[in-house]
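Next come the chains, spelled out residue by residue.
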Amino acid sequence: MTTGYIFIGAPGCGKGTQTELLAKELGIPHIDTGSLLRKNIEEKTEAGLIAKEYIDKGQLVPIDVVSTVIKNRLNNADCNTGYVLDGYPRSLEQALALDKILLELKMDTNLQVFYFDIPNEVLIERLINRRSCSKCGKIYNLKTFPPKNKEVCDVCGGKLIQRKDDTKETALLRFQTYETQTKPLIEFYSNRGNLKTINANQSINEVWSNLNKLIGAKA
Ligand code: AMP
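Residues numbered from 1 in each chain as written. Predicted model: local features only at pLDDT ≥ 70, side-chain atom pairs only at ≥ 80, totals over all residues. Heavy atoms only, no water.

Asks: When you look at the environment of T45 in this model, what are you seeing that I'm missing?
Replies: One can find T45 in the loop between α2 (33-42) and α3 (46-56). A polar atom in the side chain of T45 sits 3.0 Å from the backbone nitrogen of G48. (Helix = DSSP H or I, 4+ residues; strand = E, 2+ residues; numbered from the N terminus. Polar contact = N/O pair within 3.5 Å; in protein donor to acceptor, adjacent residues only side chain to side chain.)

Take a look at the structure:
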C-alpha cells in the first residue's frame, strides 16, 4: 500500500512550501503540476504549448494534458513508496481521473487529503508579493519572508522573478477558478472520510507543526 498526500487550497495558501517540506521529510517525490507544466512550457513541448495559453489566463489546463503529465510522473519507480501531490487534483473531474490513473497503474494508494483554510484577502496580498528564484526555485515574500536583496536569491544568487500569473489581475482570475472548480473537492474528499483541515493563516512553522500532528491521525 502506497500513501498519496493531496493538498487543497487557494493560490498562495502555502501548500508549495509545506508539500516540499513534507516530501523531504518522508523521502518521497514532490509532484507539483504547476512546475511540471512550466517546465514543459520552457522546453516548448506540445503539452507546454497548450498549457501556456491557459496558465497565462489563470485557467485550468485541459484535463487530458494534465492527466498525461501526472500519469507519466506517477509511473516512475520513485513513487512506489509514496508521493506528495501539490496542485493536483484541482477539480472533481481530475479527482476522478486520479482514481482511474491509480487503478491503471495498479497503485494501491491510501490518499490522505489536507485542506489549507485561509481567508482570500490574506492570499491576494501574499501572491502579489511572492518572488521566486529563477535558478533554484526558492520562494520568498517581499513582506513576510524577504530576501536580503529583493532581486537576488539568498541561497544561490539567482535572479528573483515574479511569476507572470502572480500579477493582481491574473491572481484574481485564479481565485475564481479555485472557487468554482477546486473548492468542490473539499466536500468530495470529506464525504470519503479522508479530509483534514489545517488553519493556514499561521506562520510556516505553525502550519508545519499542525500538519505533522495530523499526518496519520484519523480524519
Ligand atoms: P500553481 O503553480 O500550482 O499555482 O499553478 C499555476 C497554473 O498552472 C494554474 O493557474 C493552472 O493554470 C496550471 N495548473 C497547475 N496545476 C494544474 C492542474 N492540476 N490542472 C490544471 N491546470 C493546472
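Having put the structure on the table, let's press on.
Asks: Would you mind showing me how to read the packing of α2 against α3 here?
Replies: Helix packing geometry: the angle between the two helix axes and the distance between the axes. Taken N-terminus to C-terminus, the directions of α2 and α3 make an angle of 115 degrees; their axes are 7 Å apart at the nearest point. Of the two elements, α2 crosses α3, and the hand of that crossing is left-handed. On α3, the residues that touch L37, N40 and I41 of α2 are A47, G48, A51, K52 and I55. Split by residue class, the contact of α2 with α3 holds five nonpolar, two polar and one charged. (Axes fitted to C-alpha atoms, helices over the stretch in contact; angles between N-to-C directions. Left-handed = near helix turned anticlockwise from the far one by under 90°. Contact = heavy atoms within 4.5 Å. Nonpolar A, V, L, I, M, F, W, Y, C, P; charged D, E, K, R; others polar.)

Asks: Could you clarify how one ought to interpret the nonpolar core in this entry?
Replies: In globular proteins that are soluble, nonpolar side chains generally tend to be buried together. I8, L74, Y83, L98 and Y189 are the most contacted members of the largest nonpolar core, which totals 54 residues. Apart from the residues lying within four places of it in its own chain, the contact partners of L98 are I6, L74, L85, Y88, P89, L111 and Y189. (Core = buried A, V, L, I, M, F, W, Y, C linked by side-chain atoms within 4.5 Å. Buried < 20%, exposed > 50% of the residue type's maximum accessible area, 1.4 Å probe, protein only.)

Asks: In this structure, what is going on with helix α8 (residues 184-192)? I would like to understand it.
Replies: Helical geometry: 3.6 residues make up each α-helical turn, so side chains three or four residues apart lie on a common side. Listed in full, the buried residues belonging to α8 are L185, I186, F188 and Y189. Summarising the axial view, the buried residues of α8 lie within an arc of 165 degrees, below the 170-degree limit, and thus occupy one face. Set apart from the buried face of α8 by more than 90 degrees, the exposed residues are E187 and N191. The inward-facing, buried residues of α8 contact β1 (2-8), α5 (92-104), β4 (109-117), α7 (168-182) and β8 (195-199). Just downstream of α8 lies G193, where phi reads positive at about 80 degrees. (Arc of directions from axis to C-beta.)

Taken by themselves, the reported measurements are silent on function.
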